[in-house]
Each structure stands twice: as C-alpha cells, then as structure tokens.
Amino acid sequence: MKIAISSPSETPDAARTLFRAAQVAGYDGVQMKPQQYDLAKSNRQLFMEHFGDCACMARAGMVVYLGRADLETWPETLRPVLAFAAEIEAEEVCICSSVDRSDISMDRYHRVAGILHDVGKIAESHSVHVSLHNHAGCLFESAEDLDKLTQSLDPSLCGITFDTAHAAKGGMADLGGCIKRFRSFISNVHLKDVSEEGYFCPLGQGVLSLAEVLKSLNAIGYDRWLVVDEETKGLSAEQACSMSMEFLMAEGVVPQAEQGVAQRRGKECV
C-alpha cells in the first residue's frame, strides 16, 4: 500500500507545513483538502511555486467537497478539477457529497451511478481515477446504500473511498466484513478513528478496530492509497503526522527501523 495523510489547514503557511511534515515523517503523499489545492487556483505553476520541493506529495490526490450540489452538475463542476489533478500528477480524486436521502429507490442509485460514470470518463481522459466517499447522514452512508449503488457502478470508472469512521457512524459495525464485501469497488481508503462520544480522534485512541480493518485490507490484497484522514482538533501538522505514523508502524503497515526506532526519512521527489 501507498501511505498518505489528509488533514485540513487554515492558512497557506499551514498547508506548506503539512506537506513538509508528511514528507519528513515518511509518508508517500498527501491527499489534499480544498484549503490546500485552492491556493493554486487551478494553476500548476502557482501550485509548484507554493509547495516547492515537496509538491510531489500531492500525488495522493484531492478530496473534493460538493456538499448538496445538484447531481446533474457534477460532471461539469469536476471537469476543471480533474484537469488540474492531472497537471499536478495527482492519482485520485475523492468525491465527498452530502446528497440527501429523500429518495433511496434503486432508480435514484442507478441515476447516481450513471452520473459517476460520466465523471469517470472525464477522469479517464486525464489518466486520473475517481472514487465516491461513503458519508454518514447522506445517500451513501450504510452498507445497504453502497450495495444499491454498486449494483449499477462500474469500478473501472468510479470506485469507492471507504472511510472507516463514517462507515461506523453510518451503521457498518463489521468494517472488515464490509471491506471484503465491497473489495472490487474500494479504490481509496480513509483510515480514521472515532471516540465513544462520536468525535474524530487519533488512530488507535478511539473505539474502532482499525487493526481488523488493516488485516482485511491485507487479506483482499489492497495495494492503492491508504490515507490517514486526520481531523482531530488541536493537533499540529507535525503531531498529526507523527502520531499516525507511529500507529501504522506499531501495526506493521510501515516497517519499523532497527531496534524499534522510527525511521524518519523524507520522501524524495522523483
């Protein structure tokens, strides 16, 4: 698996700090949130100037929040985003939307799949892959919802971003079982923990069995991006990167250095 981190930032300097912290901690990439890629205003040169020698960390892609935007507008809304993703060599664009549950008929899921196919064809023309994020409180929150969607979905055009915390909030009690159930559709994973009170928290400090999640990903031979989606309030970029990396090393996802000392070697741009 390729290991990335995704974490919000409030300022341009904070975005640079996140990229550098991820690079130093040994991540393979950063899956950017809008606060980070919006800095470049879809201009590759501005993006490269802003992030400098750690711009390569953007290879893990972008998370795009569409809110409750009309489904029919998705292809045209995402067209420039996908083109920009290709220009900065981002591999994955994760679509996150709070589409309402006013209609949970098979016809609606079939229509959503068709729109995602249109988006996927645009992405394919740019050699970028797209995936849909399961999100609590929306049309794509439960295993039953994903089952309805995937009956019409072509995974070569659009996959699923499986978010562990949102899956749990959406009623998926057996996360490992759901990973195996939707194995042919999962093309991106957001590894996230949640507290007993329902708040996002650092990996291993919540109630989710993330060790079982990792075992299931290994069992299905998952080899795409594993993204630490770190949204814990009050953590610095350096803390978020180091704490998550320590958890991944403890679980054997990232090899330990000799004598159990963490290997902190920055990833080189190639």
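For the structure, see preceding data.
Residues numbered from 1 in each chain as written. Predicted model: local features only at pLDDT ≥ 70, side-chain atom pairs only at ≥ 80, totals over all residues. Heavy atoms only, no water.

Considering the environment of Gly-170
And step 1. Locating Gly-170 in the fold gives a position in the loop between helix 7 (164-169) and helix 8 (175-181).
And step 2. Considered as a pair, Gly-170 and Ser-105 are 65 residues apart in the sequence and their alpha carbons are 18 Å apart.
And step 3. In this view, Gly-170 contacts Ala-136, Glu-141 and Ser-142; residues no more than four positions away in its chain are not counted. (Helix = DSSP H or I, 4+ residues; strand = E, 2+ residues; numbered from the N terminus. Contact = heavy atoms within 4.5 Å.)

Concerning unusual backbone geometry
In terms of backbone geometry, most residues other than glycine have negative phi values and most peptide bonds are trans.
And step 1. Notably, Lys-41 is not glycine yet its phi reads approximately 50 degrees, a positive angle.
And step 2. Residue Ser-42 is not a glycine yet carries a positive backbone phi of 60 degrees.
And step 3. Turning to its location among the elements, Ser-42 is positioned in the loop between helix 2 (34-37) and helix 3 (44-51).
And step 4. When its relative accessible area of 46% is taken as the criterion, Ser-42 is described as partly exposed. (Buried < 20%, exposed > 50% of the residue type's maximum accessible area, 1.4 Å probe, protein only.)

Looking at the side chain of Asp-193
And step 1. Residue position: Asp-193 is located in strand 8 (residues 193-194).
And step 2. No salt bridge forms around the buried Asp-193; measuring N to O, its nearest opposite-charge neighbour Lys-192 is 11 Å away.
And step 3. At a separation of 2.9 Å, a polar atom in the side chain of Asp-193 contacts the main-chain amide nitrogen of Gly-206.
And step 4. Contact partners of Asp-193, with chain neighbours within four places excluded, come to Ala-165, Tyr-199, Phe-200, Cys-201, Pro-202, Leu-203, Gly-204, Gln-205, Gly-206, Val-207, Leu-208 and Leu-210. (Lys, Arg positive; Asp, Glu negative; His and termini not counted. Salt bridge = Lys/Arg side-chain N within 4 Å of Asp/Glu carboxyl O. Polar contact = N/O pair within 3.5 Å; in protein donor to acceptor, adjacent residues only side chain to side chain.)

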